[in-house]
Amino acid sequence: MIDRCFTFIIWLTAGIVFLAFGWLISEVVVQGVGKLSWSFLTDEPARSGREGGIYPIIVSTLLILGTALVIVIPLGLGSAIWLAEFTKKSSKRVQSTRLILDVLAGVPSIVFGLFGYAFFCGFLDLGFSILSGGLTLACMMLPILIRTTEAGLTAVPNDWRRAGAALGVSRTTLLWQVLLPYASPAITAGLLLSIGRATAETAALIFTSGYVDRMPESLNDSGRALAVHIYDLSMNVVGGDKAAYGSALVLIIMVVIINLSANALSEFWLEKKINRLQ
Amino acid sequence: MRLFSLFVKVTTAIGGSVGVATFLVMLSGATTFHATTLHAKENTRLVLTGSSTVAPLALEMAKRFEKSHPGVRIDVQTGGSSRGVADARAGRADIGMASRSLKQSESDLFSYTIALDGITIILNKDNPVKTLSNDQIRNIYTGNIKNWNQVGGRDTRITVVNKAEGRSTLELFLHHLALKNSDIKASVVIGDNQQGIKTVSGNPGAIGYVSVGAAEFEADYGTPIKLLPMGGVDATVETIKHRRFPLSRPLNFITKQKPHGMIEKFILFAQSTVVNDLIEEQYFVSLAVPLK
Amino acid sequence: MNKSVSQTKDIDWWFGMALSLLMGVAALLLLLIIVFLTNEAWPVLQGGSWAQFFNADGWYPLENKLGLLPMLWATLAVSFGALILALPLGLGSAIFIEYYAPKFIGKPFSSVVTLLAGIPSVVFGLWGLTKLVPLINNIHPPGASLLAAVLVLALMILPTITLTSRSALSSLPSHLLQNSAALALSKKSMIIGVLIPSALRGIIGGVLLALVRAVGETMAVLMVAGNVVQTPTGLFDPVRVLTANIALEMAYATDNHRAALFASGLLLMILVFCVAWIASRLSSGETNGYD
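Residues numbered from 1 in each chain as written. Chains lettered and ligands numbered in written order. Predicted model: local features only at pLDDT ≥ 70, side-chain atom pairs only at ≥ 80, totals over all residues. Heavy atoms only, no water.

Regarding the pattern of salt bridges
All names here are of chain B.
Link 1 in the chain: In total, this model carries 27 salt bridges over all chains according to the counting rule given.
Link 2 in the chain: A salt bridge links Asp-277 to Arg-64; the shortest N-O distance between them is 2.9 Å. Residue Asp-277 is found in helix 10 (residues 276–281), and its partner Arg-64 is found in helix 2 (residues 55–68); the two are separated by 213 residues along the sequence.
Link 3 in the chain: For Arg-64, a relative accessible area of 29% corresponds to the partly exposed category.
Link 4 in the chain: Ionic pairing is found between Asp-87 and Arg-83, a salt bridge with its closest N-O pair at 3.3 Å. (Salt bridge = Lys/Arg side-chain N within 4 Å of Asp/Glu carboxyl O. Helix = DSSP H or I, 4+ residues; strand = E, 2+ residues; numbered from the N terminus. Buried < 20%, exposed > 50% of the residue type's maximum accessible area, 1.4 Å probe, protein only.)

With respect to the interface of chain B and chain A
Link 1 in the chain: The interface is formed by 42 residues belonging to chain B together with 44 residues belonging to chain A.
Link 2 in the chain: Contact between chain B and chain A buries roughly 3800 Å² in total, counting both sides, with carbon and sulfur atoms accounting for 57%.
Link 3 in the chain: Here chain B and chain A share eight salt bridges between them.
Link 4 in the chain: With a shortest N-O distance of 3.2 Å, Arg-73 of chain B and Glu-217 of chain A are connected by a salt bridge.
Link 5 in the chain: Inspection of the chain B/chain A interface yields 21 residue pairs in polar contact (both at pLDDT 80 or more).
Link 6 in the chain: Elements that contribute at least two residues to the side of chain B that touches chain A include exactly helix 1 (2–40), strand 1 (45–50), helix 2, strand 2 (73–78), helix 3 (81–90), helix 6 (193–201) and helix 7 (212–220) of chain B.
Link 7 in the chain: Residue composition of the side of chain B that touches chain A, grouped by class: 15 nonpolar, 12 polar and 15 charged. (Contact = heavy atoms within 4.5 Å. Buried area = accessible area lost by both parts, 1.4 Å probe. Polar contact = N/O pair within 3.5 Å; in protein donor to acceptor, adjacent residues only side chain to side chain. Nonpolar A, V, L, I, M, F, W, Y, C, P; charged D, E, K, R; others polar.)

Some words on the packing of helix 3 (residues 69–100) of chain C against helix 4 (residues 103–117) of chain C
All names here are of chain C.
Link 1 in the chain: For the pair helix 3 and helix 4, the least separation of the axes is 8 Å and the interaxial angle reads 140°. Compared by their axis directions, helix 3 and helix 4 come out oblique. Where helix 3 crosses over helix 4, the handedness of that crossing is left-handed. Residues Ser-93, Phe-96 and Ile-97 of helix 3 lie in contact with helix 4, whose contacting residues are Ile-105, Gly-106, Phe-109 and Ser-110.
Link 2 in the chain: Among the residues forming the contact of helix 3 with helix 4, the class breakdown is four nonpolar, three polar and no charged. (Axes fitted to C-alpha atoms, helices over the stretch in contact; angles between N-to-C directions. Parallel < 35°, antiparallel > 145°, perpendicular 65-115°, else oblique. Left-handed = near helix turned anticlockwise from the far one by under 90°.)

With respect to the nonpolar core
As a rule of thumb, soluble globular proteins bury nonpolar side chains together.
All names here are of chain B.
Link 1 in the chain: Judged by nonpolar contacts, the single largest core of 254 residues is most densely connected at Ile-121, Tyr-141 and Ile-207.
Link 2 in the chain: Each residue touching Ile-207, except ones within four places of it in the same chain, is listed here: Ile-121, Ile-122, Leu-123, Leu-132, Ile-140, Tyr-141, Trp-148, Ile-158, Thr-159, Val-160, Val-161 and Val-200.
Link 3 in the chain: With 30 residues, the next largest nonpolar core counts Ala-55, Ile-114, Phe-266 and Ile-279 among its residues. (Core = buried A, V, L, I, M, F, W, Y, C linked by side-chain atoms within 4.5 Å.)

Describing unusual backbone geometry
Link 1 in the chain: Phi is positive for Arg-47 of chain A, which is not a glycine, with a value near 50°.
Link 2 in the chain: Its identity as a non-glycine residue notwithstanding, Asn-227 of chain C has a phi of 60°, on the positive side.
Link 3 in the chain: Counting through the fold element by element, Asn-227 of chain C comes out in the loop between helix 10 (219–224) and helix 11 (242–249).
Link 4 in the chain: Accessibility expressed as a relative area gives 0% for Asn-227 of chain C, which makes it buried.

Examining the domain arrangement of chain A
All names here are of chain A.
Link 1 in the chain: Examined at the domain level, chain A breaks down into domain 1 (1–32) and domain 2 (37–273).
Link 2 in the chain: The distance between the C-alpha centroids of domain 1 and domain 2 comes to 28 Å.
Link 3 in the chain: If you look at the interface, domain 1 gives five residues, while domain 2 gives six residues.
Link 4 in the chain: Both faces combined, the contact of domain 1 with domain 2 buries some 550 Å², and carbon together with sulfur accounts for 75% of it.
Link 5 in the chain: The largest contributions to the domain 1 side of the interface with domain 2 come from Val-28, Gln-31 and Gly-32, which together make up 78% of the buried area. (Domains from an automatic or database assignment.)

In structure tokens form, the structure reads like this:
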């Protein structure tokens, strides 16, 4: 009886979550689908974005995200592996590092934006540019990626490490062949979370990658991100709501594509490794 | 198998250091590259920063200017009037944008008005109230009048929509009513124009003040809001243009020195009739008089 | 044999060095942010003048009143309110995906949740402002309120809780499942008694991330919370949180006002520090379950 109640509650929560998000997404789809067309994706914006398309903005968004990922993936994974595999859990230094990371995950994005503005744009003289935006986003994503990856690695049973050590396998090999594949769903989840946060970021990017909605010619050019575009259209441009919802829909579709491909990659890796292991 | 694992070992071992290396190379490379491009294009790249009210207009002007002046790039960044003034003074921007006049402490800078903007009271369309005197507005905003039936409306609680600290709209409004911001008892505080319009259109008891042009456009396109006259003068583009409307503000370009070269050209361009259609499109009021 | 062992050690050493170097870069970057914030906030921190944040009479920066306390309470109320709502829903969804949903529902459901993590906060805010706020306004004006902020934020942090809890649950070793099945535990007792406790570390980590995101969220809260600086006394009160304060005023602030906004950034970090510290205490007290 209690068991049945529990099952019911679980299905109910799932239902509530699904409905709430259904409401939100259907709102975006209904309002935005009218704007969606091939020319919306391939034209330059006109009349402050009320008309025309969002092609340069999509390109800028992808460039900013790409820059951030190139930096954050090696840094984040490396740091997480070091934390999880090459240090003693109980050591003071590791615990304080972990605490610092948690605090940094909580720095409001607008503060990252101001930091990026002062440090990357100003101190390193990168100006308003895609590079500054990408670097700022990388700072934001770093703590999230490190903590989720570390959690994934910590969850791998210690038996496997002991077995590896007993067989004389180097930690590096063990890591690559067993631990990372095993933790790959967690790593992917962390990566997707941080990518999600990055694509959704507005506050930090207004201050760093800027407002220019022209096609960027290099990473040193200022480029407007999609989320910034949506914010500007909905809060600052008279009569921009339709285009704002249209852009939001494009952004959501982009996130779906990124998510699907990342999940597929991680599953492919996991299966390949684990199958060989067994 | 052996070969593969060796390969893997090598790649993972160097993978980490490559990460750091890429990071550093990207940083240093980007810095030098940036410096050289800046140097090469020094005379052809203009940077504008400042008021979020002016930014969309300046961006459109910049695009049109670039078309007629090949090789020129104008980058428009947003961030608020005070930042526009500060950036112009510090040389971070060639032109600062401000949606207010220069203050006394800023009189060493040069300002050029490119358009006018008015501010008026808006109510939800369902609200039967047709007009409010300055006294009534003052009493509503200071919390002495809390219900619409005290000013001839329905029995609904008043939702007072105010702007956030530092906005030039707020300063103008307070100045007009001779109030201090700490006197105001707001129920909602907003940032930008559109947020104000959305708040009032979704709340039958709300009162707010926003840019006349924006409100006119939204009302024309069916958003349930209405504009109230201020001091007996209707809030329209016409009354602002003839400087009859009591609450108006200039949209300015700010420079540190007397403009010359491309900066001067762009400012003259922005003040000319060539861009009148762009100004109207943003629902501001142009000052340039067409040549007869 | 000897040779291969030393070779193994060698590679491990180099690898460990490379990794610690990476960590160093990360830590340095992060340190920079703290130094930068403190530096910018210094004018209002020096000489004990930070005390005004807690005893000043309201927030009127142009009249030099810099009280942050009402906004601190608002931040706490909004974040914990959202967490209280999102935790059961998020954890429930994770359990649903892992143990209850048939495969053809579970997969799309989890992709929907992942997708939500990538929806810009502006879109949540826009939806809240145009749909949710008018709805609440019908019950109790002005609509833009603590309640609206809690609801919107709960939706925003839910994917974080679901995704991290799910990955913590799915990386549990399969012998746990087999053992509890062998003990003839019911599905409910197995989940509540064995699986969730075993995955607690990961779940707490996720909750922490979510809480921290709630504390740091800016745009969506700015659009729906009403932004009136006051200590919240009811669900329908409009409130202003610390992040919204920074976003609303930073572009317009100068001198002490600006420094005070940076100081509120520092205050947010101290808040997050406390949360993180408590959480690390909590999770270090628990055993891994299978260690």
